[in-house]
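# Observations on the three-dimensional arrangement
Listed below are the residues making up each chain.
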Amino acid sequence: MATNSEVASPQMTEQLDNEEVREILKNTTDLRQYSRQIEKEFKEVENKSIEDYIAESQNIANLHNQINDCDDVLERMENMLMSFQSVLNNISTEITQLQRKSVSMSLQLTNRQSVKAQLSQFIEDMAVSEEMITIIMETPVTERDFSSQLNVLNHKLSLVKELSFKESKSTSDVSDVLHKLRLRAMTKIRSYLLEQIYKFRKPMTNYQIPQNAMLKHKFFFEFILSNERQVAQEICSEYIDTMGKIYYSYFKSYSTRLTSLKFEESCTKDDLMGIEDNASKGLFSKTTSLKHKSTIFTIGKRGDILNQQLEAPIIVPHAQLKNRYTSEALFRSEQYALVDNACREYLFVTEFFMVRGSQAQDLFNQIMGKTLTLMIKTLETAIHDCYDTIAMFLCIHLIFRYQLMCHKRCVPALDKYWDSLQSVIWPRLEHVFRLNIQSIHDCDPTKFNKELGPHYITRRYAEFSAAIVGISEHFPNELVSRLLLELQNEVECFILRMAAIFPTRKDQLIYLINNYDLVLGVLMEHTRDNSKEAEAFREQLNARSNEYVEEILAPHFGGIIQFVKECEHFFEKEQMDELRKQERRSLALVASFSANWKKSLEELNREVLLSFPSLLTGSQLLQLALASLVQYYHRFHKLLTPNARAQLTNIHVVMVEIKKYKSNY
């Protein structure tokens, strides 16, 4: 809007001028006269303006004077402000100087305080108080004050030693006093530690007590080690010599006394798996006092040694003179005693003698080395004529568990010892294992009685295999798996060779089923259902069971089975004419079945149950045979002509009769 007005104003002005000119021309015809009139008016206005100025001249003069006065005031103010600015600049300079002085004084104060603190600490570290001299010289080493002052003395000695390298003159003032105190402290500590070590040598001493006393004052050895290595070496050597002899004597005596608790009759080469059972030569003889006797191939409760009895108290020989133990039980007691003592000893030497890694291992070997060598040789002697495979395998798994126990206790010092024990046992275990395999291979089936029940060698194998598989479940081993497979193959061959001595195929199948069923039952009782051994015998049992069913059905229902097998393909190809040609044959089969099927079922039931000592196995085979019969019956029914089908006994009648033979097992 403003812009439009500005644009339009010249036009409006021009329009007004034109109107004014027209008005003048309209009212006045003489422009000069009009000009003179206008000039006269301007003159009058000018005169009035001059008069007004003259009338106000005094005020204007006063105003001028006031302006001059203001200029003077402002000039004075400017000078004053300039003075203030100069003063402020001087003050700022002074403040800056004061600030610098303050920082300098603060730094000087900090340096003086630091020097004072260090100097005070240095003086305190260097000064030897009367109290410290008295305590070090007179107080027994077992007192707490002696230990605290010994720490202070050790600190002063370290400081003096450090300053002596810098040729500090201050050390000369106290070095003589500190040297005497050091000798006195060393003498008292050496006597105390040797006294504690000599306590180990007393008969029937519980050496944990002096060890705990030494650990309570473990700083004593640190003090000696940092100030006199020869004395430290003397104490260490004395300890090694004393404890080495103690451990050697203890374990030598303990091993000898444990050996006297072993069963009088042990396994020999005549106790291999394939040896004829002419006499009962087991690990537990009748002369023992055990209530539960077991053969060397049955683990029984011996496996508890790896679980509940793993950390049971060790056997005390003089308290168990009337009892007898298996080899693995004696081995467990001896090794568990070693684990406890060795772990405690390793942890003691690492803490007291302040050693780690290879140094700790070397020190431990110096103490326990002779004892460990003795135990390895003892095992070599015991294992040389051992034929108890389960005992040796249990010993190996005891080693696995005790090695794991040592690692949980942060004690790796026995690893080589465990490896040495395994290197002793494994070759003997493999040798005896292969002797058992070979004994099965060398068996002559003609020397055994012709019995359809499970063979005792099969039972031995079943119990033995279940024991080995059960033991190795948590620590599987490739060698053991390979040996078990070889043994399994030999046993399977032995069972087949034994079955071959029976004249009829049915007797052979009964023998095979009885033996396979025994092995599978024992394996499933002691191991996992899906173990390789169980799966192998389950396959064999299923195959022989199906074949046996065919064998026992043939005498009673062989005609129907043969008819089904021969004519079923006619039905599948829809060759009904061929089926009609078989009508006479089918009618004869129907008549025979109708007349004899109930009697046949009774004979079938009697025959199966009498053939198998296990009622469960006999019942399962009977049910399998009856189920197969029903299947054949259905297939036979489909192949009959309407005439023959009408004469066939109703399937429901047959099923009702079959249900009578259903077992409750």
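It should be emphasised that the depicted structure is a prediction, and the values quoted were computed from it without experimental measurement.

## Section: the packing of aromatic side chains
Under the criterion given, the structure shown has 29 aromatic pairs. Measuring from ring centre to ring centre gives 5.3 Å for Y548 and F612, while their planes differ by 90°; the resulting arrangement is edge-to-face. With a gap of 64 residues between them, Y548 in helix α17 (residues 532-572) and F612 in the loop between α19 (583-611) and α20 (615-639) connect regions that are remote in the sequence. Of the two residues examined, Y548 and F612, each falls in the buried class. A network of ring pairs unites the aromatic residues F200, F221, Y239, F348, F352 and F353 as a single cluster. The cationic tip of K370 hangs over the ring face of Y248; the distance from NZ or CZ to the ring centre is 4.5 Å. We note R428 situated over the ring of Y387; from NZ or CZ to the ring centre the distance is 4.8 Å.

## Description of the environment of I471
The residue I471 is located in helix α14 (residues 456-471) in this model. I471 sits in the buried class, given a relative accessible area of 4%. Along the chain, I471 and H526 lie 55 residues apart, while their C-alpha atoms are 9.8 Å from each other. Excluding residues that lie within four positions of it along the chain, I471 makes contacts with I299, L306, I390, F393, L394 and H397.

## Here's the deal with the packing of helix α7 (residues 208-216) against helix α10 (residues 327-352)
Following both chains from N to C, one finds α7 and α10 inclined at 25°, their axes separated by 10 Å at the closest point. In terms of orientation, α7 and α10 fall into the roughly parallel class. Here the hand of the crossing between α7 and α10 comes out left-handed. Contacts between α7 and α10 involve Q208, Q211, M214 and L215 from the first element and R344, E345, F348, E351 and F352 from the second.

## Brief notes about the nonpolar core
Buried together is how nonpolar side chains tend to be arranged in soluble globular proteins. Counting residues in each nonpolar core, the largest one holds 177 residues, and the members touching the most others are L153, Y239 and F353. If sequence neighbours within four positions are ignored, Y239 has contacts with I197, F200, Q211, M214, G244, E345, F348, V349, F353 and I367.

## A look at a negative patch on the surface
Taken together, the side chains of D69, D71, D72, E75 and E78 make up a negatively charged region of the molecular surface. By the secondary structure assignment, D69 is in helix α3 (residues 57-126).

Conventions and cut-offs
Residues numbered from 1 in each chain as written. Predicted model: local features only at pLDDT ≥ 70, side-chain atom pairs only at ≥ 80, totals over all residues. Heavy atoms only, no water. Phe/Tyr/Trp six-rings, centres within 6.5 Å; stacked < 30°, edge-to-face > 60°. Helix = DSSP H or I, 4+ residues; strand = E, 2+ residues; numbered from the N terminus. Buried < 20%, exposed > 50% of the residue type's maximum accessible area, 1.4 Å probe, protein only. Lys NZ or Arg CZ within 6 Å of the ring centre and 35° of its normal. Contact = heavy atoms within 4.5 Å. Axes fitted to C-alpha atoms, helices over the stretch in contact; angles between N-to-C directions. Parallel < 35°, antiparallel > 145°, perpendicular 65-115°, else oblique. Left-handed = near helix turned anticlockwise from the far one by under 90°. Core = buried A, V, L, I, M, F, W, Y, C linked by side-chain atoms within 4.5 Å. Patch = residues over 30% accessible without salt bridge, like charges linked within 9 Å, V, L, I, M, F, W, Y side chains within 5 Å. Areas by Shrake-Rupley, 256 points an atom, 1.4 Å probe, with all protein chains shown as cover. Salt bridge = Lys/Arg side-chain N within 4 Å of Asp/Glu carboxyl O. Lys, Arg positive; Asp, Glu negative; His and termini not counted. Charge placed at Lys NZ, Arg CZ, Asp CG, Glu CD.

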